[in-house]
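As a plain string of letters, each chain reads:
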Amino acid sequence: MNVYDFDNTILEGDTEIYFFKYINDKQLMPNFKLKKFNKLLNNRNKNEKIYRKYTNIMYKLIAKYIENLPNIVEKFWDEHIKYIKPFYNKIRKEDDIISSATPSFLLLPVFKRTNIKRYIATEFNFAKLYFDKSFNYGEEKATKFIEKYGNVTICAPKNPM
């Protein structure tokens, strides 16, 4: 099996950045919340702690103020599926696993469209308006991988580029 990161590996760019810009461009929140959302977006990359805090607040705003979010996410992918890099379709295998820090609710529509069945992603709890457990990011990716799939052998894919 091969394991790939999604953002900036299979996808040209970052899903969250595309999605946050999509929300802003389509003005999918009330104006007074868009201003707060944009301020958070502009400040979230200062450091890891701020990134996580601001990202959580941004998803709370999304969950509270965007109606019919699943439909919005589908429309988002209608416009952004073109950013999947062609190399992946050439080398993909049925048992590939995709690992991403991006929340699963944002990725599931594109995974369904591209027939990706095995994945690990960050989980956002819409009832509590908070991320469940930890982000699937950095060293946590390895921990989450072992929790879900065990200590299995991962093949080293040939350089696709």
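Everything that follows concerns the structure shown earlier in this document.
Parameters at a glance
- Residues numbered from 1 in each chain as written.
- Predicted model: local features only at pLDDT ≥ 70, side-chain atom pairs only at ≥ 80, totals over all residues.
- Heavy atoms only, no water.
- Buried < 20%, exposed > 50% of the residue type's maximum accessible area, 1.4 Å probe, protein only.
- Helix = DSSP H or I, 4+ residues; strand = E, 2+ residues; numbered from the N terminus.
- Pairing = 2+ DSSP bridges.
- Contact = heavy atoms within 4.5 Å.

Asks: So what's going on with the pairing of strand S3 (residues 119–125)? Residues and values would help.
Replies: Buried residues dominate S3, accounting for six of its seven residues. Across four bridges, the pairing between strand S2 (residues 97–103) and S3 is parallel. Residue pairing for S3: Ile 98 is matched across the bridge by Tyr 119. Inspection of the sheet shows S3 paired to strand S4 (residues 130–132) by three bridges, in the antiparallel sense. Its bridge partner being in S4, Glu 123 is matched across the sheet by Asp 132. Remark: four residues form the turn of the hairpin made by S3 and S4, two consecutive strands paired antiparallel; Leu 129 in that turn has positive phi of roughly 55°.

Asks: Give me the environment of Lys 60: which residues, what numbers.
Replies: Of note, Lys 60 is situated in helix H3 (residues 48–65). Distance from Lys 60 to Phe 124, taken between C-alpha atoms, is 9.3 Å for residues 64 residues apart in sequence. If near-sequence neighbours (up to four positions away) are discounted, Lys 60 is found in contact with Phe 124, Leu 129 and Tyr 130.

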